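Listed below are the residues making up each chain.
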Amino acid sequence: MTQVSFYTGVPDRLAYCCRLLRKAQQSGARVGVLAPAAMLERLDAALWSFEATEFVPHMRYQAGKPELMAATPLLLAERAEQLRGWPVLLNLGAEMPDPIEAFERVLEVLSRDPEQVQLGRQRFKRYKELGHQLDHHEVRD
């Protein structure tokens, strides 16, 4: 079963994701990020600029560039099937990734936005119904 980790109450979701992805990359993890195009654009820009003295290697999904994508530790994509083969998934979309079994671990980062909280609760409940291992981390300021 897939391990699913929820990070809730995040005051600045984009900044938190940048720090989380930096930490994952520094530990040698390969992470796929699933999100709508607008969120991926913001995350892509933030990963270039959130720390003036650091670079977090990443790229957006590009069909026909398998060698380049295989060499990056962080791949940003709009569809879960574009991230097959990546062990860790950071899900920033509103829906549960399908198929979730394609990933060893899924990370869910939720801000304090009421709509995001509600959608996150629905996903948490569904993950639990499917028998996935869940853990929850409440982020404090």
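Scope of this entry: the structure provided in the associated data block. It should be emphasised that the depicted structure is a prediction, and the values quoted were computed from it without experimental measurement.

Observations regarding the sheet that holds strand β5 (residues 88-91)
Strands sit in the order β3-β4-β2-β5-β6-β1-β7 across an open sheet of 7 strands; the sheet is parallel. The open sheet has two edge strands, β3 (59-60) and β7 (133-138), and neither has a second partner. As defined by bridge partners, strand β2 (residues 31-34) adjoins β5 across 4 bridges and the pair is classed as parallel. Looking across to β5, one finds that Val33 is bridged to Leu90. Across the sheet, helix α4 (residues 114-129) touches β1 (3-10), β5, β6 (105-111) and β7, and the angle it forms with β6 is around 155°.

Notes on the packing of helix α1 (residues 13-26) against helix α2 (residues 37-49)
Between α1 and α2, whose axes approach to 10 Å, the crossing angle comes to 60°. When the axes of α1 and α2 are compared, the pair comes out oblique. Remark: the crossing between α1 and α2 carries right-handed chirality. Contacts between α1 and α2 involve Arg13, Leu14, Cys17, Cys18 and Leu21 on the former and, on the latter, Met39, Arg42, Leu43, Ala46 and Leu47. When its residues are assigned to classes, the contact of α1 with α2 shows 8 nonpolar, no polar and 2 charged.

About the thresholds
- Residues numbered from 1 in each chain as written.
- Predicted model: local features only at pLDDT ≥ 70, side-chain atom pairs only at ≥ 80, totals over all residues.
- Heavy atoms only, no water.
- Pairing = 2+ DSSP bridges.
- Helix = DSSP H or I, 4+ residues; strand = E, 2+ residues; numbered from the N terminus.
- Contact = heavy atoms within 4.5 Å.
- Axes fitted to C-alpha atoms, helices over the stretch in contact; angles between N-to-C directions.
- Parallel < 35°, antiparallel > 145°, perpendicular 65-115°, else oblique.
- Left-handed = near helix turned anticlockwise from the far one by under 90°.
- Nonpolar A, V, L, I, M, F, W, Y, C, P; charged D, E, K, R; others polar.

Don't take any of this as a statement about function, it's just geometry.
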